[in-house]
Amino acid sequence: MKFFETSKYFSLKKSTYINLRWIAIIGQLITVNLTYFIFDIKFDLILENSIILIGTLSNLYLTYINKNTQLLDKTSFLFLLIDTLQLSCLIYLTGGIANPFSIFLIIPAIFSSSNLSFKSNLLLVAITILIIIFLSFFNQPLPYPVNEHFHVDGYYYYSIPISLIIALIFLNYFALTFGKESRIRKEALNKMEEIMSKEHELLSLGGQAAAAAHSLGTPFSTIKIITTDLSKQFKDNVEVKRDIDLLASQIDRCGEILKKLTLNPTIEDDFIDQNMTIVEYVVEIIKSFEETSKKEFILNFDQHSNPLNITKSIEIVYGLRNFIGNANKFSKSKVFINIKSDNEITEIIIEDDGEGYPNDVLRKIGEPYIKSYKSSVKSKSGLGLGIFIGKSLLEKNYANILCRNSETRSGAEVNIKWKNKDLLNL
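Residues numbered from 1 in each chain as written. Predicted model: local features only at pLDDT ≥ 70, side-chain atom pairs only at ≥ 80, totals over all residues. Heavy atoms only, no water.

The helix and strand inventory of the chain stands at 15 helices and 7 strands. Expressed as a percentage of its 426 residues, the buried residues of the chain come to 40%. Considering only contacts in the chain between residues 6 or more positions apart, those separated by 24 or more positions represent 72%. Summed over all atoms, the accessible surface of the chain reaches about 24800 Å², with 61% contributed by carbon and sulfur. (Helix = DSSP H or I, 4+ residues; strand = E, 2+ residues; numbered from the N terminus. Buried < 20%, exposed > 50% of the residue type's maximum accessible area, 1.4 Å probe, protein only. Contact = heavy atoms within 4.5 Å. Areas by Shrake-Rupley, 256 points an atom, 1.4 Å probe, with all protein chains shown as cover.)

Now the structure itself:
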């Protein structure tokens, strides 16, 4: 197994990293020369500037010699290690861990936690900890005249490296945790965008199919007329007539297919072309599941007192389909859908008669890539992408989503609520 990773997730944008390094190098130059010439603090100025020159040369190498736009894991690790070692040399010559600028030693390792692989980050953290320990015991004294007035108790002095190490580990842990969650969410969002782009492609394909069907109508009609004439001419030739009749039947079949594809005023697909009420959305989605599922879908819209015609939205269709599909998957035999509305809000409540959300999933509901440890649902559970995608798409369209276990039935409940003014603005 290779120590360094080459994953797309573990790389640095070179231009951004170079700019950050220039800022650090300029800051070091200003700090070193300002303290020497303005504050009259004496140290080996030439050696200090020579060490800063090493960082400058490495950045020039990145700028003009390294041609990659992204720095992969190994390269990123090496340059972050150079940054750490260069700064540690500056700290070593100016008082070691007692130098107040020693806090900057932990920055490269923290930066690596969200940009490098776990192994590379762990190695850089370990090296940084060793450097902090080394600088606590081995260093040049603080420059004159600071060293004449700096006297602290041993407990206080050794608390400095301890606090730096604790801060390094603590900040790395949080950066790794949030970085991992960010990568997971990014991957799930990319998947959602991919699914929605396919939905748009299918609609576009449907439009192209309709155009083709419309164009093919005339030539098929011509062929139909010719086959009718040929059938009359060869009515005494049984074999030829049989072939002509077969050809005519296939033309009729093509005609039926064309009718299904055509989206014109005479043969129209209302679900695609027209604005719809929420009930019509749900009814069409239920129909699509009833063709493949043996579950019973019970739709109740007795309290739907304010039906609104809203703009057709692929996001709402796909979001509702995901939640209804999830209820269908985990129910025992029935899915209950209750639609309510008044002058202010429109609400859809989806319930099932299954086992409900397991406790270990319920507290993380809406996050992608989660699984239950409950054996009875583990075999049917996915990665949580359906709920994540449905929730993201509906919330994007102004919905408020509440997922919980039903108080009136045995299974799960999803409550989807819109303000009517938001629905009309879709």
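That shown, we press on.
Per-residue pLDDT for the chain averages 81, and the proportion of residues at 70 or more is 80%. In this model, residues 263-273 is a region of pLDDT below 50 whose contacts with residues beyond four sequence positions or in other chains number 17 contacts. (pLDDT = per-residue confidence, 0-100.)

What holds strands together in a sheet is hydrogen bonding between their backbones, with the strands either parallel or antiparallel. Taken in spatial order, the 5 strands make up an open sheet running E3-E4-E5-E7-E6, and their pairing is mixed. The sheet is open, and its two borders are formed by strand E3 (296-300) and strand E6 (400-405), each paired with just one other strand. Recorded for the sheet is a direction-independent mean angle of 15° between the axes of neighbouring strands. Where E3 meets strand E4 (residues 334-341), 5 bridges bridge the pair, whose relative direction is parallel. (Pairing = 2+ DSSP bridges. Axes fitted to C-alpha atoms, helices over the stretch in contact; angles between N-to-C directions.)

A word on unusual backbone geometry. With an omega dihedral of 5°, the bond running from Tyr 144 to Pro 145 counts as a cis peptide bond. Examined against the element boundaries, Pro 145 turns out to sit in the loop between helix H5 (118-137) and helix H6 (146-149). With phi around 60°, Asp 40 is a residue other than glycine that occupies positive phi space. Tracing the sequence through the fold places Asp 40 in the loop between helix H1 (14-37) and helix H2 (45-64). Positive phi is not limited to glycine here, since Tyr 398 has a value of about 70°.

What follows covers the pattern of salt bridges. Evaluation of the coordinates by the stated rule reveals 7 salt bridges. Lys 396 is the partner of Glu 315 in a salt bridge, and the nearest nitrogen-oxygen pair spans 3.9 Å. Of this pair, Glu 315 sits in helix H11 (residues 314-330) while Lys 396 sits in helix H14 (residues 385-396), placing them 81 residues apart in sequence. For Lys 396, a relative accessible area of 57% puts it in the exposed group. Between Glu 351 and Arg 409 there is a salt bridge, with its nearest N and O atoms 3.4 Å apart. Here Arg 409 lies in the loop between E6 and strand E7 (412-419) and Glu 351 lies in strand E5 (residues 345-352), a separation of 58 residues in the sequence. (Salt bridge = Lys/Arg side-chain N within 4 Å of Asp/Glu carboxyl O.)

Direction of pairing for E6 relative to E7: antiparallel, over a ladder of 6 bridges. In the strand pairing of E7, Arg 404 is matched with Glu 413. Adjacent in sequence and paired antiparallel, E6 and E7 are bridged by 6 residues.

Next up on the list: a nonpolar patch on the surface. Nonpolar side chains collect at one region of the surface, where Ile 162, Ile 166, Phe 170, Leu 171, Tyr 173, Phe 174 and Phe 178 lie side by side and expose about 740 Å² of accessible area between them. In this fold, Ile 166 is placed in helix H7 (residues 154-233). (Patch = residues over 30% accessible without salt bridge, like charges linked within 9 Å, V, L, I, M, F, W, Y side chains within 5 Å.)

For the pair helix H10 (residues 278-290) and H11, the least separation of the axes is 10 Å and the interaxial angle reads 50°. With respect to their mutual orientation, H10 and H11 come out oblique. The two elements H10 and H11 cross, and the hand of that crossing is right-handed. Seen from H10, the contacting residues are Tyr 281, Val 282, Ile 285, Ser 288 and Phe 289; seen from H11, they are Ile 316, Val 317, Leu 320, Arg 321, Ile 324, Gly 325 and Asn 328. Residues of the contact of H10 with H11, tallied by class, amount to 8 nonpolar, 3 polar and 1 charged. (Parallel < 35°, antiparallel > 145°, perpendicular 65-115°, else oblique. Left-handed = near helix turned anticlockwise from the far one by under 90°. Nonpolar A, V, L, I, M, F, W, Y, C, P; charged D, E, K, R; others polar.)

A separate point is H10. Taking 1.5 Å per residue as the helical rise, H10 with its 13 residues ought to reach 18 Å, and the 18 Å between its terminal C-alpha atoms agrees with that figure. Buried within H10 are the following residues: Ile 278, Val 279, Tyr 281, Val 282, Ile 285, Ile 286 and Phe 289. Around the axis of H10, the buried residues are gathered within 155° of arc, so they sit on the same side. (Expected span 1.5 Å × (residues − 1). Arc of directions from axis to C-beta.)

Okay, the side chain of Asp 73 next. Residue position: Asp 73 is located in helix H3 (residues 73-93). Only 3.0 Å separates the side chain of Asp 73 from the backbone nitrogen of Ser 117, close enough to count as a polar contact. For Asp 73, the side chain forms a polar contact with the side chain of Ser 120, separated by 2.5 Å. (Polar contact = N/O pair within 3.5 Å; in protein donor to acceptor, adjacent residues only side chain to side chain.)

On to H11. Side chains three or four residues apart in an α-helix point the same way, a direct result of the helix having 3.6 residues per turn. The terminal C-alpha atoms of H11, which comprises 17 residues, lie 24 Å apart, in line with the 24 Å expected from a rise of 1.5 Å per residue. Across the 17 residues of H11, 13 count as buried, placing the element largely inside the fold.

Right, let's talk about the packing of aromatic side chains for a bit. In this structure the tally under the stated criterion is 12 aromatic pairs. One aromatic cluster is present, formed by Tyr 36, Phe 37 and Phe 43 through successive ring pairs. The aromatic ring of Tyr 36 is capped on one face by Lys 42, whose charged end is 4.8 Å from the ring centroid. (Phe/Tyr/Trp six-rings, centres within 6.5 Å; stacked < 30°, edge-to-face > 60°. Lys NZ or Arg CZ within 6 Å of the ring centre and 35° of its normal.)

With that settled, the discussion passes to the nonpolar core. By size, the foremost hydrophobic cluster in this structure holds 38 residues, and its most contacted members are Tyr 17, Leu 62, Ile 97, Leu 105, Leu 124, Ile 132 and Leu 168. Put simply, the parts of the chain that give this core at least two residues each are H1, H2, H3, H5 and H7. Element by element, the count of residues in this core is highest for H3, at 8 residues. Residues within four places of Tyr 17 in sequence aside, it is in contact with Leu 12, Leu 62, Leu 71, Phe 79, Leu 80, Asp 83 and Phe 111. (Core = buried A, V, L, I, M, F, W, Y, C linked by side-chain atoms within 4.5 Å.)

Interhelical geometry of H1 versus H3 gives an angle of 5° and a closest axis separation of 13 Å. One element, H1, and the other, H3, form an angle in the roughly parallel class. Together, Tyr 17, Arg 21 and Gln 28 of H1 and Phe 79, Leu 80, Ile 82, Asp 83, Gln 86, Leu 87 and Leu 90 of H3 make up the contact between the two elements. Classifying every residue of the contact of H1 with H3 gives 6 nonpolar, 2 polar and 2 charged.

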